[in-house]
Amino acid sequence: GSSGSTSNNGAPAAGASVDPAKVSGTVTWWDTSDAKAEAPTYQKVIADFQAKYPNVKVNYVNVPFDGAQNKIKNAFSTGTDAPDVIRSEVAWTPELASLHYLAPLDGTLALDKADDFLPNPVAATKYEGKTYAVPQVTDTMALFYNKKMFADAGIAKAPATIDELKADAAQIKAKTGKTGMYLRGDDAYWTLSFLYGEGGDLVDAGSKTVTVDNPAGVKAFKTMKDLVDSGAAKTSVTDGWANMMSSFQSGDTAMMINGPWALATVNKGGDAFADKANLGIAVVPAGSGGQGAPQGGHSYAVYAGSKNVPASELFVQYMASAEVQATLTKELGVLPTRKSVYAQPDVASIDSVKFFKDAVDKAHQRPWIPEGGTLFAPLVTEYTAMLSGKETPEQAAKNTGDAYRKNLGWK
Ligand SMILES: C[C@H]1O[C@H](O[C@H]2[C@H](O)[C@@H](O)[C@@H](O[C@H]3[C@H](O)[C@@H](O)[C@@H](O[C@H]4[C@H](O)[C@@H](O)[C@@H](O)O[C@@H]4CO)O[C@@H]3CO)O[C@@H]2CO)[C@H](O)[C@H](O)[C@@H]1N[C@H]1C[C@@H](CO)[C@H](O)[C@@H](O)[C@@H]1O
């Protein structure tokens, strides 16, 4: 729109000062999506963007998720070869914003139709009252299961509790010789639904209290260890993603806990899911103290030191648009963050969207604070030590809590 126009509250309307047709420049985007299963779709969308805005050159760089956060922080701290736009994981945004590495986006073209975004993903884009990212995808975790393996074992439905999961695993073992579940052992994110299932959490940010080693936390560690020791689940403390996906896709195990980002791989068909109808998705099993799965996801964020801010904001507006979100959902199975996209019939009719939309609305909220992401490194150290038999569940929980109290200075 032309410059000077204002929205009804007198603030400059989003993007009022930018005429898209006149924007030019280069946008380097560091994308952390899965190089094999997801990146090709993002690159197709970028080609469409380039066709629409030929004066903006997009330099697409795929950066593996695991090392991306430090790579981004190093580039932003020196400004050398820093990207203009990043795919910021929900926990990275508050931390990067607190370091003044991100451009505030309120009132800009990037945050187009801001009211259309779901509240939970929006919560993870805010820092000290300003908006530092634009939601791309939101996610949580669920129980993925192999319907045929359950039927062959004479089990009618997915387990709703950990106890039922153990009983089902025993029946699957007895009837088919297979192990019931694959429990990912090298990524601390996979501990959270067990923690929430005991009514626990890593910390209570409101009171700055560490809670991971309280009785509920210890019970959660015991539950995970027991799943493996009882033979209900198999695990590995290295190459967890690859081992989990190949075990589940090949029908070596009948269940895994995972999120919608796994659908792009599962749906590509390992022999167990050549027929997509064989994939069942259910809520994560409840523990003795509750039921819940964490909120995850990713947003677009603009580097505060970018020399191409207008072009970057135009790029983010396009990538976060309802049209692009619908394309990503239909092609990858990932979840939109715009309410209007869920209303589209060809999106609403996708089974996994129906399931996960309800699940993300109930997802257990995490503290969107700069320290939020730092909780996982100490946790995965103790989680793997426990699974390797080097520590008891009590020791693993306590060591995690002590590391938090040391790192955070909380009680
Ligand atoms: C350790 C890390 O802890 C946290 O990360 C949490 C994260 O906060 C949780 O939300 C959760 O992320 C979900 C995610 O929500 C979910 O969407 C999915 O992502 C898919 C994509 O969907 C898919 O497209 C594709 O990209 O692939 C993605 C990945 O599959 O699955 C994710 C979980 O995998 O779990 C993360 C923990 O894993 C910190 O934030 C750091 O990342 C930290 N890493 C640094 C720590 C530095 C210090 O040690 C070390 O030196 C550095 O080298 C390390 O980089």
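In this text, all values refer to a predicted model and were calculated from it rather than measured experimentally. (Residues numbered from 1 in each chain as written. Predicted model: local features only at pLDDT ≥ 70, side-chain atom pairs only at ≥ 80, totals over all residues. Heavy atoms only, no water.)

Structural notes on the overall build of the chain
Step number 1: Scanning the chain from terminus to terminus reveals 17 helices and 14 strands.
Step number 2: Radius of gyration (C-alpha) of the chain: 22 Å, near the 22 Å computed for a compact globule of 411 residues.
Step number 3: Principal axes of the C-alpha set define a box for the chain whose edges measure 70 × 50 × 40 Å.
Step number 4: For the chain, the residues scored as buried account for 55% of the 411 residues in total.
Step number 5: Of the contacts formed within the chain by residues at least 6 apart in sequence, a portion of 74% connects residues at least 24 apart.
Step number 6: Working note: accessible area of the chain is about 16,500 Å², and carbon and sulfur atoms make up 53% of it.
Step number 7: For the chain, the separation between the mean place of its 39 positive charges and that of its 44 negative charges on side chains is 1 Å. (Helix = DSSP H or I, 4+ residues; strand = E, 2+ residues; numbered from the N terminus. Rg over C-alpha atoms; globule rule 2.2 N^0.38 Å. Buried < 20%, exposed > 50% of the residue type's maximum accessible area, 1.4 Å probe, protein only. Contact = heavy atoms within 4.5 Å. Areas by Shrake-Rupley, 256 points an atom, 1.4 Å probe, with all protein chains shown as cover. Lys, Arg positive; Asp, Glu negative; His and termini not counted. Charge placed at Lys NZ, Arg CZ, Asp CG, Glu CD.)

What to know about the pairing of strand β14 (residues 296–302)
Step number 1: For β14, a buried count of seven out of seven residues is recorded, marking the element as mostly surrounded by other parts of the structure.
Step number 2: A two-sided burial pattern is seen for β14, the buried positions comprising G296, H298, Y300 and V302 on one face and G297, S299 and A301 on the other.
Step number 3: Bridge count for strand β3 (residues 85–89) against β14 is five bridges, and the pairing is antiparallel. Looking at β14, one finds that V85 is bridged to V302.
Step number 4: Here strand β6 (residues 134–139) pairs with β14 via five bridges, running antiparallel. Bridging across to β14, V137 finds its partner in H298. (Pairing = 2+ DSSP bridges.)

Some remarks on the sheet that holds strand β13 (residues 279–282)
Step number 1: Ordered by their spatial adjacency, five strands build an open sheet running β11-β8-β12-β7-β13, and the pairing between neighbours is mixed. Since the sheet does not close on itself, it has two edges, and those belong to β11 (233–234) and β13, each with one partner.
Step number 2: Most of the contacts of helix α15 (residues 351–361) go to β13, to which it runs at about 15 degrees, and overall it touches β7 (142–146) and β13. (Axes fitted to C-alpha atoms, helices over the stretch in contact; angles between N-to-C directions.)

Notes on the pattern of salt bridges
Step number 1: One pass over the structure, following the stated rule, counts 21 salt bridges.
Step number 2: For K148, the salt bridge is made with D152, and the minimal N-O distance between the two is 2.7 Å. Here the residue K148 and the residue D152 both occupy positions in helix α5 (residues 147–152), the gap between them amounting to four residues, near one helical turn.
Step number 3: Residue class for D152 comes out partly exposed when judged on its relative accessible area of 45%.
Step number 4: In this structure, the salt-bridge partner of D226 is K166, at a minimum N-O distance of 2.5 Å. Of this pair, D226 sits in helix α8 (residues 215–229) while K166 sits in helix α6 (residues 162–176), and the two are 60 residues apart along the sequence.
Step number 5: With a relative accessible area of 27%, K166 lands in the partly exposed category.
Step number 6: Several salt bridges share partner residues, and in doing so they unite D213, K398, D402 and R405 into one network. (Salt bridge = Lys/Arg side-chain N within 4 Å of Asp/Glu carboxyl O.)

With respect to the side chain of T138
Step number 1: Within the element layout of this structure, T138 appears in strand β6.
Step number 2: Residue class for T138 comes out buried when judged on its relative accessible area of 3%.
Step number 3: Aside from chain neighbours lying at most four places away, what touches T138 is P121, Q295, G296, G297, L335, P336, T337, Y342 and V360.

Quick look at the site of the ligand
Step number 1: Taken together, 25 residues lie near the ligand, and T32, E38, D66, E89 and D139 sit nearest.
Step number 2: Measuring from an oxygen atom of the ligand, one finds a side-chain N or O atom of E38 at 2.6 Å.
Step number 3: In the complex, the protein chains occlude 81% of the 930 Å² of accessible area that the ligand would expose alone.
Step number 4: Elements supplying a minimum of two residues to the shell around the ligand: α2 (65–78), β3, β14 and α16 (376–387).
Step number 5: Element by element, the count of residues in the shell around the ligand is highest for α2, at five residues. (Near = heavy atom within 4 Å. Polar contact = N/O pair within 3.5 Å; in protein donor to acceptor, adjacent residues only side chain to side chain.)

Some points on the environment of F355
Step number 1: Tracing the backbone through its elements, the reader meets F355 in helix α15.
Step number 2: Measuring from C-alpha to C-alpha, the distance between F355 and E391 comes to 37 Å, with 36 residues separating the pair along the chain.
Step number 3: Those residues within four positions of F355 in sequence are excluded, and the remaining contacts are A142, I281, A282 and V283.

Considering α16
Step number 1: If you check α16, its first and last C-alpha atoms are 16 Å apart, about what 12 residues at 1.5 Å a residue would give, namely 16 Å.
Step number 2: Among the 12 residues in α16, nine count as buried, and that is most of the element.
Step number 3: Where α16 is concerned, the buried positions are F376, P378, L379, E382, Y383, T384, A385, M386 and L387.
Step number 4: Buried residues along α16 sit in contact with α7 (192–197), α8 and α17 (393–408).
Step number 5: In the stretch just after α16, G389 is the one whose phi turns positive, near 80 degrees. (Expected span 1.5 Å × (residues − 1).)

Quick word on the confidence of the model for the chain
Step number 1: Looking at the chain as a whole, the pLDDT averages 95, with 95% of positions reaching at least 70.
Step number 2: Across residues 1–12, confidence stays below pLDDT 50; counting only partners more than four residues off in sequence or on other chains, it has 14 contacts. (pLDDT = per-residue confidence, 0-100.)

Things to note about the environment of T337
Step number 1: Position of T337 among the secondary structure elements: in the loop between α12 (322–332) and α13 (339–342).
Step number 2: Along the backbone, T337 and Q136 are 201 residues apart, and their C-alpha atoms lie at a distance of 6.2 Å.
Step number 3: Not counting chain neighbours up to four residues away, the residues in contact with T337 comprise D116, F117, L118, P121, P135, Q136, V137, T138 and Q325.
Step number 4: One polar contact links the side chain of T337 to the main-chain carbonyl oxygen of Q136, over a distance of 3.3 Å.

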